[in-house]
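# Coordinate inspection notes
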Amino acid sequence: TQGAEAKDFKPEFKDFQAVYNEIAKALQENDDYDDGSYGPVLVRLAWHASGTYDKVTGTGGSNGATMRFDPESSHGANAGLINARNFLEPIKAKFPWISYSDLWILGGVTAIQEMQGPKIPYRPGRLDRDFTSCTPDGRLPDAAQGADHVRNIFYRMGFNDQEIVALAGAHALGRCHTSNSGFDGPWTFSPTVMTNDYFKLLINSKWQWRKWDGPKQYEDKETKSLMMLPADIAFIQDKTFKQTVEKYAADNDVFFKDFSAVIVKLFELGVPFTEANPTYVFKTLEQ
Ligand code: DDH
C-alpha cells in the first residue's frame, strides 16, 4: 500500500501506525541533533502550524501546511522549523498518500509519545493548501511580552487561562537557540523527556535577569544553566495563571491529562473533519 496513489488509497489505522513507527525510528536513529533528539523541534512545528488559527475568521490552523511557503516560512517565529520540515521529508516520500498537514501533526504526536509524554489521540483529515492560505505575520506569541499579550494570542485561538498554562508545559521540551529566536538555553534539565518539570522549576527556582548581550531573559539563580522567557515568567506573575502552574507542579498525572486534551484541541483548530475521520491512539515503539 505504501506506494499507492493518494486518490485511490483509503488509509486505515494500521497505515497511520506505520507512519508513526517510521517517524519514531527516525527519531531514534538521528540522535545527534541538538540535545539528542528532533522530538522538541517536531513538537514546535506542529504547534506553529496550528497556532496561527483565528476563531473569528476561521483562517490559519494546521489544515493547509502553509508554512511550506513564503511568506509564512520566513516569519521570524518560524526560524529553525526548516529542520523539522526537512526531517519529515523522507517520511513523506515513503508515504506519499499522507498530506503534509496530517504528517506535521503526526510528527508532533509521535514526538510527544516517544519522549514519554501522554497518549495524544490523533484524527487525520487535513488537506494541503497553497501559498494563498498563508497567514499574516504576528499570530504566534512574542516571547518578550507578558500576560496580556499571551492572553490576546491564545484567546484568539479559543483557549481559556487553564488551557494556556497546560499548553505552555510543552516548554519542558527543547531549548532556545540564539540563531533562531535570539534567546538561549533550555527550560529544564531533561529537554528530551516530557515531564511537569517546567511548572516545578517555575515555582521552586529563583529566577533573575541574565546579564548578557542578548534579549532580556531569565536564568535560574542556582545553576544559571536554565532559562525562562518573559512570557514564561508571566505565568507566575499573574495570579490566575499561577494557580494552574501550582496545580500542574503538584501532580504530573493531572498535567498529562490536561495537556493531552488541550494539545488535541490545538492540533484540530480549523480542521474540516468529516464523520469519515476516526480518532486513533497509536502504540509507542516500546509497546
Ligand atoms: Fe514555545 N518557544 N513558546 N511553545 N516551544 C520556543 C521553543 C519551543 C514561546 C516562545 C518560544 C509554546 C508556547 C510559547 C515549544 C513548544 C511550545 C522558543 C525558542 C521560543 C522563543 C525557539 C528557538 O530559539 O529555537 C512563547 C512566547 C510561548 C507562549 O505561550 C507565550 C506552546 C504552546 C508550545 C506547544 O508545543 C504546545 C517547543 C517544543 C520548543 C523547543 C523547540 C526546539 O527546537 O527545541
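Going along each chain's sequence as written, the residues are numbered from 1 onward. The model is predicted, so local features are restricted to residues of pLDDT at least 70 and side-chain atom pairs to those at 80 or more, both for listing and for counting; the totals for chains, interfaces and linings are taken over all residues. As a rule here, side-chain values cover all heavy atoms of the structure and leave hydrogens and water aside.

### Quick notes on helix H10 (residues 252-268)
Within an α-helix, residues lying three or four positions from one another point in the same direction, as the helix has 3.6 residues per turn. Applied cut-off: Counting from the N terminus, the helices are DSSP H or I runs at least four residues long and the strands are E runs at least two residues long. Between the first and last residue of a helix there are one fewer steps than residues, each counted as 1.5 Å, and that sum is the expected span. Two residues qualify as a contact provided that any one of their heavy atoms is within 4.5 Å of a heavy atom in the partner residue. Pairs of N or O atoms within 3.5 Å make up the polar contacts considered here, provided that, within protein, one atom can donate a hydrogen while the other can accept it, and that residues adjacent in sequence are counted only when both atoms are side-chain atoms.
With 17 residues, H10 extends 24 Å from end C-alpha to end C-alpha; this agrees with the ideal 24 Å at 1.5 Å per step. Buried residues along H10 sit against helix H2 (39-50), helix H4 (100-114), helix H5 (147-157), helix H6 (161-168), helix H7 (197-204) and helix H9 (239-250). For H10, the N-terminal cap is Asp 251; the gap from its side-chain oxygen to the backbone nitrogen of Asp 253 is 2.9 Å. A positive backbone phi angle near 75 degrees is found at Gly 270, which sits one or two residues after H10.

### Examining the site of the ligand
Under the convention used in this document: Summary of the distance rule: residues count as near a molecule or strand when at least one heavy atom falls within 4 Å of that molecule or strand.
The full set close to the ligand counts 23 residues, and His 171, Arg 175, His 177, Asn 180 and Ser 181 are the nearest of them. Trp 47 is positioned with one of its side-chain polar atoms (N or O) 3.1 Å from a nitrogen atom of the ligand. Within the side chain of Ser 181, one N or O atom sits 2.6 Å away from an oxygen atom of the ligand. For the shell around the ligand, the elements supplying multiple residues, two or more each, are H2, H5 and strand S1 (175-176).

### Here we look at the domain arrangement of the protein chain
Defined as follows: The domain limits used here are those given by an automatic or database domain assignment. Defined in terms of a 1.4 Å probe, buried area is the accessible area two parts forfeit on being brought together, summed over both. We count a salt bridge whenever a side-chain nitrogen from Lys or Arg sits within 4 Å of a carboxyl oxygen from Asp or Glu. Residues were grouped as follows: Ala, Val, Leu, Ile, Met, Phe, Trp, Tyr, Cys and Pro as nonpolar; Asp, Glu, Lys and Arg as charged; and all remaining residues, including Gly, as polar.
On domain assignment, one finds that the protein chain holds domain 1 (6-139 + 263-268) and domain 2 (147-260). Summarising the inter-unit geometry, the C-alpha centres of domain 1 and domain 2 are found 22 Å apart. At the interface, 28 residues of domain 1 touch 21 residues of domain 2. Buried surface at the junction of domain 1 and domain 2, both sides included, amounts to about 2,100 Å², of which 61% is carbon and sulfur. For the pair domain 1 and domain 2, the number of links is two salt bridges. The salt bridge partner of Glu 163 is Lys 265, with a shortest N-O separation of 3.1 Å. Broken down by element, the residue count for the side of domain 1 that touches domain 2 peaks at four residues, all from H10. Classifying every residue of the side of domain 1 that touches domain 2 by side-chain character gives 13 nonpolar, eight polar and seven charged.

### Digging into a positive patch on the surface
Formally: Nonpolar side chains (Val, Leu, Ile, Met, Phe, Trp, Tyr) are joined into patches within 5 Å and like charges within 9 Å, using only residues with over 30% relative accessible area and no salt bridge. Accessible areas in this description were obtained via Shrake-Rupley with a 1.4 Å probe; residue shielding takes into account the shown protein chains only. Only four residue types enter the tally: Lys and Arg on the positive side, Asp and Glu on the negative side, with His and both chain ends excluded. A single reference atom marks each charge: NZ on Lys, CZ on Arg, CG on Asp, CD on Glu. Only protein chains enter the accessibility calculation, which uses a 1.4 Å probe; a residue whose area is less than 20% of its type maximum is buried, one above 50% is exposed, and one in between is partly exposed.
Taken together, Lys 206, Lys 211, Lys 221 and Lys 224 make up a surface patch of like positive charges. Topologically, Lys 224 is positioned in the loop between strand S4 (218-220) and strand S5 (227-228). You can call Lys 224 exposed: its relative accessible area is 51%.

### A closer look at the coordination of the iron atom of the ligand
Threshold: For Na, K and Ca the donor cut-off is 3.2 Å, and for all other metals it is 2.8 Å, counting N, O and S atoms only; because water is absent from this set, sites may look incomplete.
Protein coordination of the iron atom of the ligand is limited to a single donor, His 171 (NE2), positioned at 2.1 Å. Residue position: His 171 is located in the loop between H6 and S1.

### So, the pattern of salt bridges
As enumerated under the stated definition, the model contains nine salt bridges in all. Measuring nitrogen to oxygen at the nearest pair gives 3.1 Å for the salt bridge that ties Arg 151 to Asp 161. Of the two residues, Arg 151 sits in helix H5 while Asp 161 sits in helix H6, which places them ten residues apart along the sequence. Judged by relative accessible area, Asp 161 falls into the buried class, the value being 17%. Measuring nitrogen to oxygen at the nearest pair gives 3.0 Å for the salt bridge that ties Arg 210 to Asp 184. With Arg 210 in the loop between strand S3 (207-209) and S4 and Asp 184 in the loop between S1 and strand S2 (185-186), this pair connects stretches of sequence that are 26 residues apart. Using a relative accessible area of 26% as the deciding quantity, one classes Arg 210 as partly exposed. In this structure Asp 184 comes out as partly exposed when scored by relative accessible area, which is 27%. In this structure, a network of salt bridges that share partners links the residues Arg 151, Asp 161 and Asp 238.

### Overview of the packing of aromatic side chains
By convention here, two paired aromatic rings are described through the distance between centres and the angle between planes. Short version of the rule: Ring pairs are drawn from Phe, Tyr and Trp, using the six-membered ring of Trp, whenever the two centres fall within 6.5 Å, and their geometry is named by plane angle: stacked under 30 degrees, edge-to-face over 60, tilted for the rest.
Enumeration over the complete set of coordinates arrives at 22 aromatic pairs. An angle of 75 degrees between the planes, with centres 5.3 Å apart, marks the rings of Tyr 198 and Phe 199 as edge-to-face. Overall, Tyr 198 belongs to the buried group, its relative accessible area being 1%. Taken together, a centroid distance of 6.2 Å and an interplanar angle of 50 degrees make the contact between Tyr 280 and Phe 282 tilted. For Tyr 280, a relative accessible area of 10% puts it in the buried group. Taking the relative accessible area as the measure of exposure, Phe 282 reaches 0% and is therefore buried. Among the aromatic side chains, those forming a connected cluster through ring pairs are Phe 9, Phe 13, Phe 16, Tyr 20, Phe 95, Trp 97, Tyr 122, Tyr 280 and Phe 282.

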